[in-house]
Each structure stands twice: as C-alpha cells, then as structure tokens.
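What the coordinates show
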Amino acid sequence: MNVWSEYIQFAMGGMEQPDGIEHVRAVCERALRLAGLHVTQGSYLWGAYRDFESALLVSLLQQQQVASSSTAANIEEKIGEQTERVFRIYRMQLS
C-alpha cells in the first residue's frame with residue numbers, strides 16, 4: 001500500500017512534463033483500482049487523489065481572478081470540468 005502512495009507522490013513530482021497531469025491521474029486511477037478498497041490504507045489513496053484534483057481546481061480559481069476578459073470564458077469552462085472531476089472522485093469513493 002505504501003508503494004502506491006509513494007508512486008503517486010513520485011508521479012506528482014513530474015507534473016512539469018507535457019503530459020504530467022494526465023500521468024498523475026492515470027497513476028491515481030490505477031492505484032485506486034488495485035488498492036482503493038483496502039480497509040486501512042485505501043483512504044490515503046483516495047485522499048491523495050482528491051487533494052491533487054482539488055489543488056488543480058484552486059489553481060484554476062486563482063487564474064480566473066487575474067485573467068483578462070478574453071480568457072475568462074476558457075478558464076470558466078476548465079473550472080466546470082475540474083469541479084466535475086472532484087465531484088466524480090467523491091462519488092466513486094462513496095460507491
């Protein structure tokens with residue numbers, strides 16, 4: 001179980017890569033598929049994934065505050081998509 005937590009942290013370290021965010025999502029999804037139901041450690045994996053996606057949402061909200069009117073619509077669309085991702089993670093965990 002700690003291996004998955006460490007692997008998620010390692011993947012987050014490479015987010016500057018062009019496909020870094022998608023790679024972190026793929027690692028989190030795989031970790032949850034394989035170990036998310038573990039009684040004592042699964043909640044750590046869910047928490048890491050939720051925290052990652054929530055941090056991305058906060059980043060978008062901060063970008064929205066400083067964005068010009070021409071880019072605001074694009075950022076609003078991204079905020080809607082990211083909000084849905086965070087809700088989806090909560091729904092997946094509850095199911």
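Let me sum up the structure you'll find in this document. (Residues numbered from 1 in each chain as written. Predicted model: local features only at pLDDT ≥ 70, side-chain atom pairs only at ≥ 80, totals over all residues. Heavy atoms only, no water.)

To continue, consider the overall build of the protein. Of regular secondary structure, the protein possesses 4 helices and 0 strands. Reading the secondary structure of the protein in the N-to-C direction produces α-α-α-α. In terms of overall dimensions, the protein has C-alpha extents of about 45 × 30 × 15 Å along its principal axes. Within the protein, the fraction of its 95 residues that count as buried is 31%. When the accessible surface of the protein is totalled, it reaches about 6300 Å², and 55% of it is carbon and sulfur. Between the centroid of the 8 positive side chains of the protein and the centroid of its 11 negative side chains there is a distance of 6 Å. (Helix = DSSP H or I, 4+ residues; strand = E, 2+ residues; numbered from the N terminus. Buried < 20%, exposed > 50% of the residue type's maximum accessible area, 1.4 Å probe, protein only. Areas by Shrake-Rupley, 256 points an atom, 1.4 Å probe, with all protein chains shown as cover. Lys, Arg positive; Asp, Glu negative; His and termini not counted. Charge placed at Lys NZ, Arg CZ, Asp CG, Glu CD.)

A few words now on the nonpolar core. Core analysis: the biggest nonpolar cluster contains 16 residues, and I8, L45 and Y49 have the highest contact counts within it. Those elements that place two or more of their residues in this core are α1 (2-13), α2 (20-35) and α3 (42-66). In terms of nonpolar packing, the next biggest core, distinct from the first, is built from 5 residues, L57, L60, I75 and I79 among them. (Core = buried A, V, L, I, M, F, W, Y, C linked by side-chain atoms within 4.5 Å.)

The next thing to look at is the side chain of R50. Turning to its location among the elements, R50 is positioned in helix α3. One buried charged residue, R50, remains without a salt bridge, the closest side chain of opposite sign being D51 at 5.4 Å. Leaving out residues up to four positions away in the same chain, R50 has contacts with I89, Y90 and Q93. (Salt bridge = Lys/Arg side-chain N within 4 Å of Asp/Glu carboxyl O. Contact = heavy atoms within 4.5 Å.)

Where α1 contacts α2, the two axes come as close as 9 Å, and the packing angle between them is 170 degrees. On the basis of their axis angle, the class for α1 and α2 is roughly antiparallel. For the pair α1 and α2, contact is made by W4, Y7, I8, A11 and M12 and by H23, V24, V27, C28, R30, A31, L34 and A35, respectively. Of the residues that constitute the contact of α1 with α2, the class distribution is 11 nonpolar, 1 polar and 1 charged. (Axes fitted to C-alpha atoms, helices over the stretch in contact; angles between N-to-C directions. Parallel < 35°, antiparallel > 145°, perpendicular 65-115°, else oblique. Nonpolar A, V, L, I, M, F, W, Y, C, P; charged D, E, K, R; others polar.)

Two side chains bearing opposite charge may form a pair once their charged atoms approach each other closely. Under the defined criterion, the tally for this structure stands at 4 salt bridges. The closest approach of N and O atoms between E22 and R25, which form a salt bridge, is 2.7 Å. Linking E22 with R25, this pair stays in helix α2, spanning 3 residues, or about one helical turn. Judged by its relative accessible area of 48%, E22 falls in the partly exposed class. The salt bridge partner of E29 is R88, with a shortest N-O separation of 3.2 Å. Taken together, the positions of E29 in helix α2 and R88 in helix α4 (residues 69-94) put the pair 59 residues apart, joining distant regions of the chain.

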